[in-house]
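The primary structure of each chain is shown beneath.
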Amino acid sequence: MSGESAVGRAKGLKQASALGLVLAAVATVVWSGSFVTSRALHDSVPPVQAAFWRWIVAIVAVAPFAAREAWRQRALLRRHLGFVTLASLLGVTVYNTLVNQAGLSTSAGNMGMIMAASPVLMALYERLGGRRLGARRTLGMLVACAGVLLLVSKGSLAMDFATGDLWMLAAALSFGSYSALLRRKPDGLGGLAFLFSTFVLGALMLLPAYAVSLAVQGGFEPTTGTVGPLLYVGVFSSAVAFFAWNKAIALIGAARAGVVYYLQPVCVALLSFALLGEATGVMGVVCMVLILGGVMLGAGRGK
């Protein structure tokens, strides 16, 4: 009986691991499209307004499935309001606004490659939390960081960073922090309730900046070219991808979920070339190899 139980448990863990990796891959591929979308909207929708309406769309999309659960768990949400607020700030308010800001002055390909360093940041947070990284992860972080620095400096030792690249570095830090924070999600807090709450709080924290943007920059024209991309990032890159990513981390942890993030630069490069005509030069390929190699070393298992 105990042998059968052990076999069943091992099978369950294997299935959970496989599901976690699939969900992380789904989120990564969907998010790749959001970088292309942010770049495509850079001259038609101000960054803060794009971020605000993205989350309004996401709230509407998630509400039919999550609002009731969030209401049932309102006491638990109030008890852990500090945690939920911090997660909302990092993952909703700050991260996606920085991505949109980066899209004003850097390519979608660069955005995807810089974000590929996020798993290394997740591994670093694990080390700060007391978990030993080991030589393999340390080497991976160094290699990936070298690739990111080479990318944003365009191979110059003078480190002449493009403004958009710096915004993306900040976005990567915010997303890595959000992902690491998810490991501390309170027990008993449902995934949909947490997701819906972070969307609502994140949008509320964006509201003052949105009002300022409207007053200073004016609104944008709702056309097919603006509404369509906002619906994509609101429904797929927000509701679908964030649910998949959060569930993946709950199943396999931030570091292992980060392993599949190496798909992102490849997906972004292909999409940006197909949809925006952005070609990846020799330097971009070299940087991609360094970043991906570092991510696979730094975020994978092993010492």
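Anyway, here's the lowdown on the structure attached to this text. These figures come from a predicted structure and were not determined experimentally.

Cut-off values and rules
- Residues numbered from 1 in each chain as written.
- Predicted model: local features only at pLDDT ≥ 70, side-chain atom pairs only at ≥ 80, totals over all residues.
- Heavy atoms only, no water.
- Patch = residues over 30% accessible without salt bridge, like charges linked within 9 Å, V, L, I, M, F, W, Y side chains within 5 Å.
- Areas by Shrake-Rupley, 256 points an atom, 1.4 Å probe, with all protein chains shown as cover.
- Salt bridge = Lys/Arg side-chain N within 4 Å of Asp/Glu carboxyl O.
- Helix = DSSP H or I, 4+ residues; strand = E, 2+ residues; numbered from the N terminus.
- Buried < 20%, exposed > 50% of the residue type's maximum accessible area, 1.4 Å probe, protein only.
- Axes fitted to C-alpha atoms, helices over the stretch in contact; angles between N-to-C directions.
- Parallel < 35°, antiparallel > 145°, perpendicular 65-115°, else oblique.
- Contact = heavy atoms within 4.5 Å.
- Nonpolar A, V, L, I, M, F, W, Y, C, P; charged D, E, K, R; others polar.
- Phe/Tyr/Trp six-rings, centres within 6.5 Å; stacked < 30°, edge-to-face > 60°.
- Lys NZ or Arg CZ within 6 Å of the ring centre and 35° of its normal.
- Polar contact = N/O pair within 3.5 Å; in protein donor to acceptor, adjacent residues only side chain to side chain.

**Considering a nonpolar patch on the surface**
Part 1 of the reasoning: Nonpolar side chains collect at one region of the surface, where V22, V26, F236 and V240 lie side by side and expose about 310 Å² of accessible area between them.
Part 2 of the reasoning: The set of elements that each furnish at least two residues to the nonpolar patch consists of α1 (2-40) and α10 (224-252).
Part 3 of the reasoning: Of note, V240 is situated in helix α10.
Part 4 of the reasoning: With relative accessibility at 35%, the residue V240 sits in the partly exposed group.

**Side note on the packing of helix α8 (residues 163-181) against α10**
Part 1 of the reasoning: Their axes nearest at 10 Å, the elements α8 and α10 cross at an angle of 50 degrees. Compared by their axis directions, α8 and α10 come out oblique. Residues F175, Y178 and S179 of α8 form the contact with α10, whose participating residues are F242, W245, N246 and I249.
Part 2 of the reasoning: Split by residue class, the contact of α8 with α10 holds 5 nonpolar, 2 polar and no charged.

**A look at the packing of aromatic side chains**
Part 1 of the reasoning: What the rule picks out here adds up to 14 aromatic pairs.
Part 2 of the reasoning: Their ring planes at 35 degrees and their centres at 5.1 Å tell us that Y95 and F175 sit as a pair that is tilted. Highlighted residues: Y95 in helix α4 (residues 81-102) and F175 in helix α8, separated in sequence by 80 residues.
Part 3 of the reasoning: On the basis of relative accessibility, which here comes to 1%, the residue Y95 falls in the buried class.
Part 4 of the reasoning: With relative accessibility at 0%, the residue F175 sits in the buried group.
Part 5 of the reasoning: By the ring-pair criterion, three or more aromatic residues cluster together here, those being W31, W55, Y95, F175, Y178, F199, F242 and W245.
Part 6 of the reasoning: For the cation-ring pair, R54 lies above W55, with the distance from its terminal atom to the ring centre recorded as 5.0 Å.
Part 7 of the reasoning: Here the basic side chain of R74 rests over the ring of W71, its NZ or CZ set 4.0 Å away from the ring centre.

**Describing the environment of S174**
Part 1 of the reasoning: Relative to the helices and strands, S174 resides in helix α8.
Part 2 of the reasoning: Note: C-alpha distance between S174 and L89 (85 residues apart in sequence) is 9.0 Å.
Part 3 of the reasoning: Look past the residues within four positions of S174 in its chain and what remains in contact with it is L90, V94 and Y95.
Part 4 of the reasoning: Among the polar contacts listed, one links the side chain of S174 to the backbone oxygen of L90, at a separation of 2.7 Å.

This is a description of form; function is not addressed.
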